[in-house]
Amino acid sequence: MVQLYNLHPFGSQQVVPCKQEPERFCGGGRDALFVAAGCKVEAFSVTGQELCQPRCAFSTLGRVLHLAYSEAGDYVVAIEEKNKATSLRAYVNWRSKRTENSRVCIRMVGHNVEVPFCETYREQMSIIEMPLSEAPLCISCCPVKGNLLVGCKNKLVLFSLTYQIINDEFSILDFERSLIIHIDNITPAEVSLCIGYVAVMSELEVLILKLESDPKNGGSVNHHLPKTITPVKEAEGKCNDASQLESDDFVMCQKPMELLGEKSKQSGVSIVLESTGLSDEKRKYFSVQHLLYRRFAPDVSAYVLPDDIKLHSLQLLPVYQTGSLTSNGKNLSPEKELLSLFCFFSLPHVGYLYMLVKSVELLSVYQYPEKSQQAILTPQFLHVITSNNLQCFTVRCSAAAAREEDPYVDTTMKACPPVSLDVCVLRIQLFIGLKAICHFKNHVILLTKADLEPIPERRESPKRLLSRKDTSVKLKIPLVAEAGWNLYIVNTISPVQLYKEMVDYSNTYKTVKTHSCIHLLSEAHLLVRAALMDDQLEPGEKAELIEAFKDSCGHLGDCYSRLDTQHSHLALPYYKMSGLSMAEVLARVDWAIEDGSQKYERGLIFYINHSLYENLDEELSEELAAKVIQMFHVAEPKQLPHILCSSSMKNANPLIAMSYLKKMDTSGFSSILVTLAKATMALKIGDLETHRNEMKTYSEMKLVCGFILEPRLLIQHRKGQIFPTELAVHLKETQPGLVVASILGLQKNNKIGIEEADAFFKVLCSKDEDTIPQLLVDFWEAQLVACLPDVVLHELFFKLTSHYIWRLSKRQPPDSKPLRTSEDLINACSHYGLIYPWVNVLISCDSSDDKNYTEDLSKLQSLICGPSFDIASIIPFLELLPEDTLAGLSVHVLCHTRLKAYEQCIDTLLERCPEAVIPYANHELKEENRTLWWKKLLPELCQRIKCGGDKYQLYLSSLKETLSVVAVELELRDFLTVLPEDGTVAFFLPYLLYCCRKKSLT
């Protein structure tokens, strides 16, 4: 049962001053109405609320059977009949027709106009003759491109709208017969065209196609679908054979069928595309895609005449986004990007609305309370006429288009009423003798004629009436004067005005909290959405609609926040779309207590909870914060510690918060959060003793788990920036290790990013962007120790080594005591390696006693000695650390050693610190590098001993140790070759004897 609301979508109405009874009529863009009667078409000016006035009139060559107008190209096209012959003509430049007797130019379609006649065509209306091989049955104009589709028996003819360019300032509208679509088994009763989409309707069948411009099949002139007989077609053949067996008591009907998408190829309808353009280069469509086929069968149980069971009102309705102007600039309407496309058609008692483009889907089925005669679909309404009523149904076009346009619909960001929402009737307006309807802009055009009821000459049984051999009944009409008629223009009221009425109407349902309130407000919301899709809105009108849209979102948010429904979560996106602040939403809440207890619905709790989680840049007043605390204490007590951490609750009274926290059940894992929340409130109150006692309740590891559960205990976000909480600032002084461990835990659980964590420590320690506090260095070291998988090691190494080098070069002490020593890091982290022994020998010669300096140096040396460190990354920074100190020297030699520059390191150590040469050689000159003992170190020591100097004794002792190693490694003959020729025999003799003894022992 369709729900009926007694609203008022229709406003004022007026009578069109026609001179003759209208036979056909149609809207003319946004400001004109065309009425055909006899062999004449009258154009009336329709602007706003002003009276309809005659604009011009022009004669046709015959009686008008079908009339259509195209806004693209601003032309009128008609199927005319004269002497039982039908023809097709287009009327161009009709606005230049001043009087009925003004001169008219007549030309054939595609006829090239000579330049001398251009001024004539500029000032006169033109009639374009469009000859066809078969009689035209129906026509349709594309609302976007202005192309013309003509339905003939077993085929459709497509005329493309073109322009003959006369000169730079003037062009003439023309058509080109570009395509013929041959369709077997369907005789078009109505057609509809929109861009490349074609809809064809017979008495009981509907076929929707899409013309494809993909040239993959463009090798052949014509595109033929396989003509194999499908099972469906075989069944039809059997049905045709059976039709010969019909008797007076039986009617043979085809089976109803609905085929969507590719399955519609199985309909048995053969489609052949025949390109009729002058050249293949101008071909636009190469293939066809089947979208929908639907066939209906007469309802024989209704006891009605078969002539009454026919489809009517086929229509394609586009919804598009406005793009740039067309390239040639000749089309006054903007080029439109198709967003979604809808197809409507109707039986006498039921209508069907389908969505096309991305998918083919049945959106709505309209059940009419009585037999319909015609229907018109608009983005906002479906207007249906019966014999005595004008019915206004709601539609779901805007709901479907919104989901095509915005991917954020149906998320926590945005919402829209569902496409499956039941349709309703906003109004049933009484009109006697309705015959036809059309719509344009905000006008509904109605033709009424008060027919006298015919009297049957005889009565037949219902069974007899269904017989195909006698389906007519002779009717006897009294010989009276011709019945009266009227053509009305009914103005629909503005969407904003109707929206306000719908909101007022919905207030009657609020007191009883029914779902009808949500339904009607959803209809109002979709009404405003549909109005906003009009691409020709005035700025003031659009601003008014946007304000109504936000207002509708607020009302829907109120409904979902107050009513206990399964969709209560929709309160969040609707309130977001409304633009209301959290304080404004809370001000709309009814805080009255019923039956001595306050009840808060799930939708409101869901909205407040999510809003407080999203760190909105809004601070609630102390009064509202207290109400929120009370709300969650009653409805969601487990969320109370979380909501107290929100930056929006900054003004909450800590005493009130503490009192509610003490009432909470502290069992379970959430007790840690309650403890941390109490410690935070105690700190705000200034009760340090209570704060310390609460923090001592759990171990540091469990406290870290609490901070992971609720990061806002430490971190707040305001206006896109990160800020530490009062608790974080206090813990920095009292428990800095807990802060570092907690932020590390947050990073490990993806609660905070790397850059965000760095920024937090800088703000926490009140440092500017370029200054690195020690607590941040402790955090970097902790990251290395923790070996987080998402941390890029080379970036972390870069941060630490560059900072170590910077502090060593500036001899800058840390601003706080480091949490870990180099020994702690070496024992806890594999990335910090054991410092090589020769480095300790080298450093022991340094007289520096600055502990911080030696700690930074040891950490840097340990990183370089580690297995994961990339030495090449540190080379550019070595310039900051000069070699004139032993600390700098140790780093340089370490780096060059890792780069395998052993000879350079030996030279450096012999020159700067000979004491470290032998420890260096013992550690580094092994395996394939052992030859450097006698090829590099031995000759260098001999040479320096010859030169003498202050380091003579150091060189001499190093030489003795070198000779001991070489004597072990080399054979006697090889050993002799490496000894200096001018050396003293007595000095080298013990090593030679050892080498000989070694050979004799082996």
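Residues numbered from 1 in each chain as written. Predicted model: local features only at pLDDT ≥ 70, side-chain atom pairs only at ≥ 80, totals over all residues. Heavy atoms only, no water.

J.: Even after reading the chapter, I still don't get helix α27 (residues 917–924), so can you show me in this structure?
T.: Helical periodicity: at 3.6 residues per turn, an α-helix aligns residues three or four positions apart in one direction. Where α27 is concerned, the buried positions are Val917, Ile918, Tyr920, Ala921 and Glu924. Angularly, the buried residues of α27 cover 160° about the axis, an arc narrow enough to put them on a single face. Structurally, α27 contributes buried residues whose contacts are with α23 (837–844), α25 (886–898), α26 (902–912), α28 (932–947) and α29 (952–969). (Buried < 20%, exposed > 50% of the residue type's maximum accessible area, 1.4 Å probe, protein only. Helix = DSSP H or I, 4+ residues; strand = E, 2+ residues; numbered from the N terminus. Arc of directions from axis to C-beta. Contact = heavy atoms within 4.5 Å.)

J.: Whenever I open this one, the sheet that holds strand β1 (residues 3–4) confuses me. Can you help?
T.: With mixed pairing, the five strands of this open sheet are ordered in space as β1-β30-β29-β28-β27. The strands lining the two open edges of the sheet, one partner per strand, are β1 and β27 (374–377). Pairing between β1 and strand β30 (residues 424–430): two bridges, direction parallel. Within β30, the position partnered with Leu4 by the bridge is Val425. (Pairing = 2+ DSSP bridges.)

J.: What am I meant to see in the nonpolar core here?
T.: For soluble globular proteins, nonpolar side chains are generally found buried alongside one another. If you look at the biggest cluster of nonpolar residues, it comprises 107 residues, and the most contacted ones within it are Ile743, Phe761 and Phe975. Residues within four places of Phe761 in sequence aside, it is in contact with Val739, Val740, Ile743, Pro773, Leu775, Leu776 and Phe779. If you look at the next biggest cluster of nonpolar residues, it comprises 80 residues, including Phe10, Leu426, Ala571 and Ala652. (Core = buried A, V, L, I, M, F, W, Y, C linked by side-chain atoms within 4.5 Å.)

J.: I tried to follow helix α14 (residues 671–685) on my own but got confused; where do I start?
T.: Taking 1.5 Å of rise per residue, the 15 residues of α14 would be expected to cover 21 Å, and the 21 Å separating its terminal C-alpha atoms lies within 8% of that figure. In terms of burial, α14 is a largely internal element, 13 of the 15 residues being buried. One or two residues past the end of α14 sits Gly686, with phi positive at roughly 100°. (Expected span 1.5 Å × (residues − 1).)

J.: I keep staring at the packing of aromatic side chains and nothing clicks. Help me out?
T.: By convention here, two paired aromatic rings are described through the distance between centres and the angle between planes. One pass over the full model with this rule turns up 23 aromatic pairs. Measuring from centroid to centroid gives 5.5 Å for Phe797 and Phe869, while their planes differ by 70°, and the two rings are edge-to-face. Separated by 72 residues along the polypeptide, Phe797 in helix α21 (residues 793–810) and Phe869 in the loop between α24 (851–865) and α25 bring together distant segments of the chain. Exposure class is identical for Phe797 and Phe869. Each is buried. (Phe/Tyr/Trp six-rings, centres within 6.5 Å; stacked < 30°, edge-to-face > 60°.)

J.: For this particular structure, what's the right way to read unusual backbone geometry?
T.: When glycine is set aside, most residues are seen to have a negative phi, and most peptide bonds are trans. The backbone of Lys84 sits at a positive phi, close to 60°, despite the residue not being glycine. With respect to the helices and strands, Lys84 occurs in the loop between β8 (75–82) and β9 (85–92). In this structure, Asp410 is a non-glycine residue whose phi angle is positive, near 70°. Relative to the helices and strands, Asp410 is located in the loop between α3 (397–405) and β30.

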